[in-house]
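# Tertiary structure, described
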Amino acid sequence: MADDHRQGGLQAQVDELGPWFHNLRLGGVQTAPEHPLGDFPAFKWAQISPHIQADLGGWSVLDIGCNAGFYSFELARRGARVTAIDVDPHYLRQARWAAGQLGLEDRIEFRQMQVYDLARESKSYDLVWFMGVLYHLRHPLLALDIIQRRTRRQMVMQTLTSPGEQVVAVPPDLSIDRRERLREPGWPMMAFIEKRLAGDPTNWWAPNHACVEAMLRSAGFDITRRIAHETYLCEPGRPPEIAGMIEAELRAATGT
């Protein structure tokens, strides 16, 4: 009876903090059991987690766009110290509350901030978690340039993509008279969404697979492998040839 009473009180708190995008399991209560994507993001974590070090003790993690904290909680359970950021105070309220329910509040720091704010910080992280954010940004390559400078060991990124698995071999220099090649299947390209996609006005971009990989390389990441659908495991690589020009643009854009 006491357990039923506690679960009823927990459900009331979940309802009060709703709506939820992450389906969390808290003391027998689920926060979004009718999620249109299914058991989200648990099914994504099941695909990705085997590729992440099981013992993250001593690792620092940055979770960008943490939402209600599902990934932050899983990474903290593996021993990481997590900094979790989001722009939405609604999701941060959910995440802080859920962290308390799970006994993880001492391992996770939640902060309200934009990804671009990271340009003004000097701290870097062993693992940067960048799931489901890129296509919501009006300036995605700027974000990747910033994130690369905050990544010490690994970065995991997931993004919405447009259909197509082809990757064409891009020449080191394309003649201006050969621009028809830009329309070849497998050429890196990104569709701009001026209005809405899936009813969301913040869905700005849909890059194809080739474009995602090209953008990551351009930002200075080495792609270790694709670990799930639309999901990439990366490491910091050598700066691109035009690193100086990129750095100047980055400083101008972020005021740093």
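Cut-off values and rules
- Residues numbered from 1 in each chain as written.
- Predicted model: local features only at pLDDT ≥ 70, side-chain atom pairs only at ≥ 80, totals over all residues.
- Heavy atoms only, no water.
- Buried < 20%, exposed > 50% of the residue type's maximum accessible area, 1.4 Å probe, protein only.
- Helix = DSSP H or I, 4+ residues; strand = E, 2+ residues; numbered from the N terminus.
- Pairing = 2+ DSSP bridges.
- Patch = residues over 30% accessible without salt bridge, like charges linked within 9 Å, V, L, I, M, F, W, Y side chains within 5 Å.
- Areas by Shrake-Rupley, 256 points an atom, 1.4 Å probe, with all protein chains shown as cover.
- Salt bridge = Lys/Arg side-chain N within 4 Å of Asp/Glu carboxyl O.
- Polar contact = N/O pair within 3.5 Å; in protein donor to acceptor, adjacent residues only side chain to side chain.
- Contact = heavy atoms within 4.5 Å.
- Axes fitted to C-alpha atoms, helices over the stretch in contact; angles between N-to-C directions.
- Parallel < 35°, antiparallel > 145°, perpendicular 65-115°, else oblique.
- Nonpolar A, V, L, I, M, F, W, Y, C, P; charged D, E, K, R; others polar.
- Core = buried A, V, L, I, M, F, W, Y, C linked by side-chain atoms within 4.5 Å.
- 1 Å grid on protein atoms, 1.4 Å probe; cavity = no way out; pocket = protein on both sides within 12 Å on 5 of 7 lines; lining within 4 Å.
- Points joined across faces, edges and corners; volume = space filled by probe spheres on them.
- Lys, Arg positive; Asp, Glu negative; His and termini not counted.

Okay, the pairing of strand 7 (residues 151–158) next. When you tally the buried positions in strand 7, you get six out of eight residues, the bulk of the element. With four bridges connecting them, strand 7 and strand 11 (residues 231–236) associate as antiparallel partners. For Q158, the partnering residue across the bridge sits in strand 11 and is T231.

On the surface, a nonpolar cluster with roughly 260 Å² of combined accessible area is contributed by F21, L37 and F43. On the secondary structure map, L37 appears in the loop between strand 2 (29–30) and helix 2 (42–48). The partly exposed category is assigned to L37, whose relative accessible area is 49%.

Among the secondary structure elements, N203 is positioned in the loop between strand 8 (190–192) and strand 9 (205–207). At a separation of 3.2 Å, a polar atom in the side chain of N203 contacts the side chain of H136. Within polar-contact distance, the side chain of N203 engages the backbone oxygen of L197 at 2.8 Å. Leave out the neighbours within four places in its chain, and N203 touches Y135, H136, I193 and L197.

Another point: the packing of helix 5 (residues 140–148) against helix 7 (residues 243–254). How two helices sit against one another is set out by the angle between their axes and by the gap between those axes. The contact between helix 5 and helix 7 brings their axes to 11 Å, and the two run at 105°. Accordingly, the angle class assigned to the pair helix 5 and helix 7 is roughly perpendicular. Counted together, L142, D145 and I146 of helix 5 and I246, L250, A253 and T254 of helix 7 form the full contact between these two elements. A class-by-class count of the residues in the contact of helix 5 with helix 7 yields five nonpolar, one polar and one charged.

Membership of the largest hydrophobic core comes to 40 residues, with the highest contact counts inside it found for L75, F110, W129 and V156. Those elements giving two or more residues to this core turn out to be helix 1 (2–17), helix 2, helix 3 (70–77), strand 4 (81–86), helix 4 (89–102), strand 5 (108–112), strand 6 (125–131) and strand 10 (221–228). Here V156 is in contact with I48, I52, L127, V128, W129, F130, M131, I227, T231, Y232 and L233, once residues within four sequence places are set aside. Among the nonpolar cores identified, the runner-up in size contains 29 residues, and I85, V128, L134 and A219 belong to it.

Attention now goes to the layout of surface pockets. Its boundaries defined by the atoms lining it, the largest pocket holds a volume of some 910 Å³. Lining the largest pocket are 32 residues; nearest its centre among them are M131, G132, V133, Y135 and H136. Counting only elements with at least two residues in the lining of the largest pocket, the list comes to helix 2 and strand 4. Its residues assigned to classes, the lining of the largest pocket shows 17 nonpolar, nine polar and six charged. Empty space within the second largest pocket amounts to approximately 250 Å³. Every residue lining the second largest pocket is listed: L141, L142, D145, S218, P240, E241, I242, M245, I246, E249, L250 and A253. For the lining of the second largest pocket, the secondary-structure elements that each account for two or more residues are helix 5 and helix 7. Here the lining of the second largest pocket gets five residues from one element, more than from any other, and that element is helix 7. Grouping the amino acids of the lining of the second largest pocket by side-chain chemistry returns eight nonpolar, one polar and three charged.

To continue, consider the side chain of D63. Tracing the backbone through its elements, the reader meets D63 in strand 3 (residues 60–64). No salt bridge is formed by the buried D63; the nearest opposite charge belongs to R77, separated by 11 Å. Of note is the side chain of D63, whose polar atom sits 2.6 Å from the side chain of S72. With residues up to four places along the chain from it excluded, the contact list for D63 reads Y71, S72, V82, T83, A84, I85 and W129.

For the rest of this paragraph, the subject is the environment of Q11. Examined against the element boundaries, Q11 turns out to sit in helix 1. Linking Q11 and L26, residues 15 residues apart in sequence, is a C-alpha distance of 9.2 Å.

Next up on the list: the sheet that holds strand 10. Strand pairing in a sheet relies on backbone hydrogen bonds, with the paired strands running either antiparallel or parallel. Pairing is mixed in the open sheet, where seven strands are placed in the order 5-4-3-6-7-11-10. Edge positions in the sheet fall to strand 5 and strand 10, since each has one partner strand and no second. Going from strand to strand, the sheet's axes swing by 20° on average, the running direction of each strand aside. Contacting strand 7, strand 10 and strand 11, helix 6 (residues 209–218) crosses the sheet at an angle of about 145° to strand 10.

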